[in-house]
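Commentary on secondary and tertiary structure
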Amino acid sequence: MKEELKVYNNNPPPLDRNGRSHKGHLIKVSGEGELAVQPDSASVNLGIITEGKQLIMAQQQNSAEATKVIDSLITLGIPKNHIQTFDYRIESEYDFDQGKQIFRGYKISHILKVIIDDLSIIGNVVDTAVQNGVNYVSNVQFTAKNKDLFYQQALVLAVNNATEKAKTIASTINVSLIPTPILIVEGGSSVQPVFNQSATFVKGMASTPLEPGQIKVRADVIAEFKFTPSH
């Protein structure tokens with residue numbers, strides 16, 4: 001949601017030699033600020049997908065494998081409250097033969113979302129989960145816990161960027177800029193994900209290297225400045 005911040009100047013508007021104000025003399029600019037941040041937290045979706053003709057048996061198998069996966073993650077030091085069900089679904093699957101629909105069986109999907117604070121073990125988390133029954137891994141994302149603080153820093157850069165643009169424009173057209181903006185509109189924030197992958201994994205795979213890279217935190221503003229014509 002956009003937030004509008006109005007900055008008021010208590011000084012009266014500037015007057016020309018005839019005593020008239022310059023209410024219409026405005027410079028409107030955009031400002032951008034961006035920071036490269038080292039992530040300190042990650043999340044990954046781990047799925048146990050089971051297929052079978054008998055629904056109850058497929059459910060029981062899926063439940064047993066999910067429990068095994070959760071226990072293995074807790075053994076690695078992942079807190080239980082950092083492991084939650086992201087999605088659970090039961091689907092009927094069919095084959096088609098000469099236009100006829102033939103029931104093939106049921107597909108049970110149990111997707112766990114796991115939050116990892118120690119980035120050095122994320123590859124081990126994926127490998128351990130796969131070894132214990134996970135056959136689907138998706139949405140690996142790295143983030144920063146204090147991204148709100150980093151956004152505030154990016155916002156400062158955005159305001160400074162807008163001010164420098166206004167100064168450049170004023171200098172170019174040879175007018176005197178009033179440096180305090182009369183209006184600032186926050187354009188919102190964005191956090192660029194550094195890793196996002198969906199893949200199906202099989203047991204016995206090699207070690208999974210997952211590098212966090214850097215997160216881009218961006219802020220945008222629109223600012224309006226008053227100016228007075230040069231004499």
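All values reported here derive from a predicted model rather than from experimental measurement.

Okay, the overall build of the chain next. In terms of helices and strands, the chain carries 3 helices and 10 strands. In the chain, the succession of α and β elements from N to C terminus is β-β-β-α-β-β-α-β-α-β-β-β-β. Taking all 231 residues of the chain together, 35% fall into the buried category. Across the chain, the fraction of contacts at a sequence separation of at least 24, relative to all contacts at a separation of at least 6, is 83%. Of the roughly 13800 Å² of accessible surface on the chain, 50% is carried by carbon and sulfur atoms.

On the surface, Tyr94, Phe96 and Phe103 cluster together to form a nonpolar patch covering roughly 320 Å² of accessible area. Summarising the element assignment, phenylalanine 96 is placed in strand E4 (residues 83–97).

Per the counting criterion, the structure on display carries 7 salt bridges. The closest approach of N and O atoms between aspartate 117 and lysine 145, which form a salt bridge, is 3.7 Å. Placement of aspartate 117 in the loop between strand E5 (100–116) and helix H2 (122–131) and of lysine 145 in the loop between strand E6 (136–143) and helix H3 (147–172) is noted, with a sequence separation of 28 residues between them. Classification of aspartate 117 as partly exposed rests on a relative accessible area of 39%.

As a further point, take the packing of aromatic side chains. Scanning the model with the defined rule gives 2 aromatic pairs in all. Summarising the aromatic geometry, the rings of tyrosine 94 and phenylalanine 103 are spaced 5.7 Å apart at their centres and angled 70 degrees between planes, so their arrangement reads as edge-to-face. Looking at tyrosine 94, the relative accessible area reads 35%, which means it is partly exposed. The class of phenylalanine 103 is partly exposed, set by a relative accessible area of 34%. Counting every residue linked through ring pairs, the aromatic cluster contains Tyr94, Phe103 and Tyr106.

With that settled, consider the side chain of asparagine 62. Here asparagine 62 shows up in helix H1 (residues 55–75). Residue contacts for asparagine 62: discarding those within four places in its chain leaves Ile48, Ile49, Thr50, Tyr88, Ile108 and His110.

Looking now at the pairing of E5. The pairing of strand E3 (residues 41–52) with E5 spans 11 bridges and is antiparallel. If you follow threonine 50 over to E5, its bridge partner there is isoleucine 108. In this sheet, E5 lies alongside E4 in antiparallel orientation, the contact comprising 14 bridges. When the sheet's bridge partners are listed, arginine 89 is paired in E5 with serine 109. Taking the residues that link successive antiparallel strands as the turn, the E4-E5 hairpin has 2 residues, and the phi of glutamine 98 there is positive, at about 55 degrees.

Residues other than glycine seldom take positive phi values, yet glutamine 98 does so here, at roughly 55 degrees. With respect to the helices and strands, the residue glutamine 98 is situated in the loop between E4 and E5. Of note in the backbone geometry, asparagine 174 takes a positive phi value of approximately 60 degrees without being a glycine. Here asparagine 174 lies in the loop between H3 and strand E7 (175–177).

With that settled, the discussion passes to the pairing of strand E2 (residues 26–37). Of the two faces of E2, the one lined by Ile27, Val29, Gly31, Gly33, Leu35 and Val37 is fully buried and the one lined by Leu26, Lys28, Ser30, Glu32, Glu34 and Ala36 carries no buried residue. As defined by bridge partners, E2 adjoins strand E10 (residues 215–229) across 12 bridges and the pair is classed as antiparallel. Counterpart to glutamate 32 in the pairing with E10 is aspartate 220.

Parameters and conventions
- Along each chain, residues carry numbers from 1 onward, in the same order as the chain's sequence is written.
- At least 70 in pLDDT is required for a residue's local features to be given in this predicted model, at least 80 for side-chain atom pairs to be given and counted, and no such filter applies to totals for whole chains, interfaces and linings, which use all residues.
- Side-chain metrics rest on all non-hydrogen atoms present in the structure, leaving aside hydrogens and water.
- By the criteria applied, helices consist of DSSP H or I runs no shorter than four residues and strands consist of E runs no shorter than two, each listed in order from the N terminus.
- Only protein chains enter the area calculation, which uses a 1.4 Å probe; residues under 20% of their type maximum are buried, those over 50% are exposed, and those in between are partly exposed.
- For this analysis, residues touch if any pair of their heavy atoms sits within 4.5 Å.
- Note on areas: Shrake-Rupley with a 1.4 Å probe; residue coverage comes only from the protein chains shown.
- Patch rule: a residue counts if its relative accessible area is over 30% and it has no salt bridge; like charges are joined within 9 Å, and nonpolar side chains (Val, Leu, Ile, Met, Phe, Trp, Tyr) within 5 Å.
- Basic side-chain nitrogens of Lys or Arg form a salt bridge, by our definition, when they fall within 4 Å of a carboxyl oxygen of Asp or Glu.
- Only Phe, Tyr and Trp rings take part, Trp by its six-membered ring, and two of them pair if their centres are within 6.5 Å. Stacked means planes under 30 degrees apart, edge-to-face means over 60, and tilted covers everything else.
- Following DSSP output, two strands are said to pair if at least two bridges run between them.

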